[in-house]
Every structure is written in C-alpha cells, then in structure tokens.
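Here is what each chain is made of, one letter per residue.
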Amino acid sequence: MKGKLNEVKDHLMTGISYVLPVIIAGSLVVAIAKIIGFAFGYTDLNEFAETSGVLHYVYLFEQVGWTAIGMLNLVLGAFIAYSIAGKPALAAGFVGGMLASSTNAGFLGAVIAGFFAGWITNWVKNNIKIKGSLSGALPLIILPLITVGATGILMAIILGGPLGWVNTALLDWITEMTQSNTNVVVLALVLGAMIAFDMGGPVNKAAWMAGNALLMSGIYLPAIIVNAAICIPPLGYGLATLIKKKNYSSEFRETGKGSLVMGIIGITEGAIPFTLRHPLKLIPLNVVAGAVGAATTVALGAHDIMPPVGGVYGFFSVGNSLAYLAGILVGALIIGFGANLLVDFTDKEDSSETKGDNDLAEDEIELSFD
C-alpha cells in the first residue's frame with residue numbers, strides 16, 4: 001500500500017514539475033504587462049483589446065501570459081499521464097486536462113483525468129494484442145481511440161458536472177475567506193505551514209498548486225501567501241549563519257550564502273541542508289516561521305493588484321509591498337534566532353557529543369524531501 005501511495009505521489013510531482021515553468025513564465029509576463037499599464041495610468045488593459053497603439057500591444061503581451069497560466073490543467077493532466085504510461089498516454093492526458101478546464105472541473109479534475117489517462121493507456125498496452133499486418137494500427141489508431149474516448153467520456157459526461165460543482169463551491173468558499181480579515185489569517189497560517197513543512201515535497205507542492213490554481217481563477221491572495229512563505233525557510237537559515245557565525249561550521253556558513261540567494265529567488269529547498277541537521281527540532285520551527293510570516297503578511301494588509309510574482313523581489317506585484325516584505329522578514333527572523341537556540345551546526349556536535357538512547361533513536365529517523 002505504501003509503495004502504491006509513493007507511486008501516486010511521484011506521478012503527481014512529475015506533472016507539477018512540468019507545470020512550474022509554465023505558471024511562473026505566465027505570471028511574469030502578465031505582471032510586466034500590468035506594470036507597463038500602471039506606468040501609463042491604467043489598471044485594466046482590456047479596454048485596449050480593440051484599439052491601436054502601444055497599449056494595444058501591451059494588452060496582447062498580457063494575453064500571452066494569461067494563455068500560459070490557462071494551460072495549467074492541460075499540462076498537468078498530460079504529464080501525469082506521461083509519468084504513468086509514457087508518450088502513448090499524452091493524447092488522452094491533454095484531452096482530459098482540456099476538458100477539466102472546459103467543464104470547470106479545475107485542478108482536481110486535471111489530476112483525476114491525468115491518472116485515468118495513464119491507467120487506461122497501460123491497460124490497453126497490456127491487454128489488447130493485435131498480430132499480423134494490422135499490428136501497426138494498435139499504437140496509431142486503436143490505442144488513441146480507446147484512451148482519448150474513455151477519458152473524454154469520463155470527464156465530459158460522468159465527472160465533469162460534479163467536479164465542476166465541487167470546484168465552484170471551493171472557489172466561492174475561498175473567495176469568502178479572502179474577504180474576511182479573520183479567515184484570511186487562518187488561510188495564511190495553513191498555507192504558510194504547508195509550504196514550510198517539507199520544502200519542495202508533496203505538502204509544499206500541494207499548497208503551491210492550490211495557490212496557483214486559484215490564481216488561474218482570478219483569486220490572487222492565496223498565491224501571495226504562498227510566495228511569501230516560500231522565501232522564509234531559506235532566508236531564515238541564511239540569516240542564522242550571519243546572526244551567530246560561531247554556531248556554524250565553515251561548510252554551513254558557505255551553504256548559508258547560497259540559502260540567502262535561494263530565499264530571495266523563492267526556492268524553499270535552500271533550507272534542506274540545515275533542516276536535516278536535526279529535523280525533529282527544525283521542521284516544527286520551519287512550520288511556525290512559515291505560518292507566522294505568512295499570517296503577518298496578510299494581517300498587515302498585503303492584497304492583490306495583479307498576478308503576483310514569486311521571490312522577495314516580487315513585492316512590486318503586491319498591494320502594500322511593505323506588508324509582504326515584513327511578513328517574510330518576521331518569518332525569517334524566527335528561524336534565524338530559533339535555529340541558533342535549538343541546534344549546534346558546528347563539526348564538534350558530531351565528533352564529541354555523547355549520544356544517549358533518545359539521540360540515537362532520533363538519528364535513525366529518515367526523512368525524504370523528494
């Protein structure tokens with residue numbers, strides 16, 4: 001059972017890894033177009049859709065970004081299927097992802113479509129055999145007909161309506177949360193904790209995808225929360241090496257420089273080398289820092305003005321930029337001081353510390369940050 005769950009996780013992570021550059025590129029393009037529009041005194045470029053001149057071309061450039069963002073379900077469904085069954089599953093995966101968008105089944109629909117497309121492709125390859133002169137028809141005609149047809153029936157006729165209702169209800173609920181100061185802080189606490197929990201692992205990716213799936217639906221605040229939380233763990237450990245240099249070996253001090261850069265860019269994996277030093281102490285610290293930092297961001301009034309850009313430098317795409325930066329700093333300082341209080345990162349800990357039974361038990365625990 002555990003092996004099957006790991007397979008499911010791996011296929012989902014593969015799909016998300018292909019989605020990442022599409023969403024990031026789309027968000028950057030839209031943000032650049034919005035900034036140019038602001039420079040001309042306009043917050044909405046849609047009014048230039050049918051005009052001529054510079055702002056018409058800026059509008060067209062913005063649509064390039066929205067087109068990329070709109071490909072989320074398409075790419076996700078296709079490459080989950082690809083992870084399961086290779087190239088023969090791509091056609092059904094693309095169709096399933098597109099139907100997830102057209103039926104409003106959303107991110108959840110794309111995931112289901114991708115897994116079904118991969119599964120049905122493997123079933124056809126393993127169970128339908130044609131010999132003789134017609135054997136060449138299997139990969140070119142019969143397999144695509146069955147896989148695309150079955151995936152289409154599943155998404156367009158069976159699941160499209162129910163999943164569309166679920167997705168709409170979820171969007172309405174989250175929209176209501178973002179309009180309440182109390183609820184939006186709760187949302188920030190949850191998303192911030194998830195982002196900082198496994199730093200690039202499945203929980204982190206689930207929160208990231210939730211934020212970006214909502215962004216595609218025009219709800220930007222969860223993406224702002226996620227973007228702030230992503231910066232906190234690596235920045236925190238980078239700051240920790242500057243706050244108390246004597247607490248770190250030369251290797252960790254060098255790693256801290258890279259962690260600072262990764263924090264500015266928004267790559268949580270920069271915190272992994274430090275966290276692995278003592279995960280039982282530092283994972284809870286990361287979770288608290290991510291949750292508190294993200295909640296601080298929204299509590300101080302960060303709000304959406306355009307599709308947000310990730311990283312610390314993404315402050316320009318957030319309404320109340322100081323709130324965004326303050327939340328990141330608060331979370332990073334929690335780790336910066338907390339890590340130095342909780343863990344010794346010098347070489348002497350490994351060479352001279354006497355380990356009791358509890359310490360040995362802790363060292364035997366393995367954590368995977370896939």
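Residues numbered from 1 in each chain as written. Predicted model: local features only at pLDDT ≥ 70, side-chain atom pairs only at ≥ 80, totals over all residues. Heavy atoms only, no water.

**So, the overall build of the chain**
Across its full length, the chain holds 15 helices and two strands. The principal-axis extent of the C-alpha atoms belonging to the chain is close to 70 × 60 × 35 Å. Residues counted as buried form 46% of the 370 residues belonging to the chain. Relative to all contacts within the chain whose residues are 6 or more apart in sequence, the contacts with residues 24 or more apart total 74%. Treating the 18 positive side-chain charges of the chain as one cloud and the 25 negative ones as another, the clouds have centres 7 Å apart. (Helix = DSSP H or I, 4+ residues; strand = E, 2+ residues; numbered from the N terminus. Buried < 20%, exposed > 50% of the residue type's maximum accessible area, 1.4 Å probe, protein only. Contact = heavy atoms within 4.5 Å. Lys, Arg positive; Asp, Glu negative; His and termini not counted. Charge placed at Lys NZ, Arg CZ, Asp CG, Glu CD.)

**Here's the deal with the pattern of salt bridges**
One pass over the full model with this rule turns up three salt bridges. A salt bridge links Lys205 to Glu269; its shortest N-O distance comes to 4.0 Å. One end of the pair, Lys205, is in helix H8 (residues 202–216); the other, Glu269, is in the loop between helix H10 (250–265) and helix H11 (272–275), and 64 residues separate them in sequence. Here Lys257 makes a salt bridge to Glu254, at a shortest N to O gap of 3.1 Å. In this pair, Lys257 and Glu254 are both assigned in helix H10, three residues apart and thus about one turn of the helix distant. (Salt bridge = Lys/Arg side-chain N within 4 Å of Asp/Glu carboxyl O.)

**Quick word on the side chain of Glu62**
Residue position: Glu62 is located in helix H2 (residues 54–69). The buried category is assigned to Glu62, whose relative accessible area is 2%.

**A look at the packing of aromatic side chains**
Think of a pair of aromatic rings as described by two things: how far the centres are apart, and how the planes are tilted against each other in angle. Evaluation of the coordinates by the stated rule reveals 13 aromatic pairs. Relative to Phe274, the ring of Tyr237 lies with its centre 5.2 Å away and its plane at 10°, an arrangement referred to as stacked. Taken together, the residues span a long stretch of sequence, with Tyr237 in helix H9 (residues 221–243) and Phe274 in helix H11 at a distance of 37 residues. Residue Tyr237 shares its accessibility class with Phe274, and that shared class is buried. Judged by centre distance (5.3 Å) and plane angle (75°), the ring pair of Phe252 and Phe345 falls under edge-to-face. Of this pair, Phe252 sits in helix H10 while Phe345 is found in the loop between helix H13 (321–342) and helix H14 (348–352), placing the two residues 93 residues apart along the sequence. Of the two residues, Phe252 and Phe345, neither departs from the other in class, the shared state being buried. (Phe/Tyr/Trp six-rings, centres within 6.5 Å; stacked < 30°, edge-to-face > 60°.)

**Some thoughts on the nonpolar core**
Judged by nonpolar contacts, the single largest core of 68 residues is most densely connected at Leu76, Met155, Ile225, Tyr237, Ile328, Ala339 and Phe345. Judged by nonpolar contacts, the second largest core, of six residues, contains Leu45, Leu55, Val58 and Tyr59. (Core = buried A, V, L, I, M, F, W, Y, C linked by side-chain atoms within 4.5 Å.)

**A look at unusual backbone geometry**
Backbone geometry places Asn104, a non-glycine residue, at a positive phi of 65°. On the secondary structure map, Asn104 appears in the loop between helix H4 (90–102) and helix H5 (106–127).

**Section: H4**
Between the first and last C-alpha of H4 there are 18 Å, a value that for 13 residues agrees with the 18 Å anticipated at 1.5 Å per step. Turning to H4, its buried residues number three or more, namely Leu90, Ala92, Gly93, Gly96, Gly97, Leu99 and Ala100. Considering only its buried residues, H4 is in contact with helix H3 (72–85), H5 and helix H6 (137–178). (Expected span 1.5 Å × (residues − 1).)

**Section: H3**
Compared with an ideal rise of 1.5 Å per residue, which puts 14 residues at 20 Å, H3 spans 20 Å between its outermost C-alpha atoms and is within 8% of the ideal. Most of H3 sits out of view: 11 of its 14 residues are buried.

**A look at the packing of helix H7 (residues 181–198) against H9**
Between H7 and H9, whose axes approach to 9 Å, the crossing angle comes to 40°. In this view, H7 runs oblique relative to H9, as classed from their interaxial angle. Crossing geometry of H7 relative to H9 is assigned as right-handed. Contact residues: Val184, Leu187, Ala188, Leu191, Gly192, Ile195 and Ala196 in H7; Leu221, Pro222, Ile225, Val226, Ala229, Ile230 and Pro233 in H9. Of the residues belonging to the contact of H7 with H9, the class tally is 13 nonpolar, one polar and no charged. (Axes fitted to C-alpha atoms, helices over the stretch in contact; angles between N-to-C directions. Parallel < 35°, antiparallel > 145°, perpendicular 65-115°, else oblique. Left-handed = near helix turned anticlockwise from the far one by under 90°. Nonpolar A, V, L, I, M, F, W, Y, C, P; charged D, E, K, R; others polar.)

**Re the environment of Ile265**
Relative to the elements of secondary structure, Ile265 occurs in helix H10. The partly exposed category is assigned to Ile265, whose relative accessible area is 40%. With 45 residues separating them along the chain, Ile265 and Gly310 place their C-alpha atoms 7.4 Å apart. In contact with Ile265, other than residues within four places in its own chain, are Gly310, Gly311 and Tyr313.

**Side note on the packing of H4 against H5**
Where H4 contacts H5, the axes come no closer than 8 Å and their chain directions differ by 160°. Between H4 and H5, the angle falls in the class roughly antiparallel. With respect to the hand of their crossing, H4 and H5 are arranged in right-handed fashion. Contact residues: H4 offers Ala92, Gly93, Gly96, Gly97 and Ala100, while H5 offers Gly106, Gly109, Ala110, Ala113 and Ala117. A class-by-class count of the residues in the contact of H4 with H5 yields five nonpolar, five polar and no charged.

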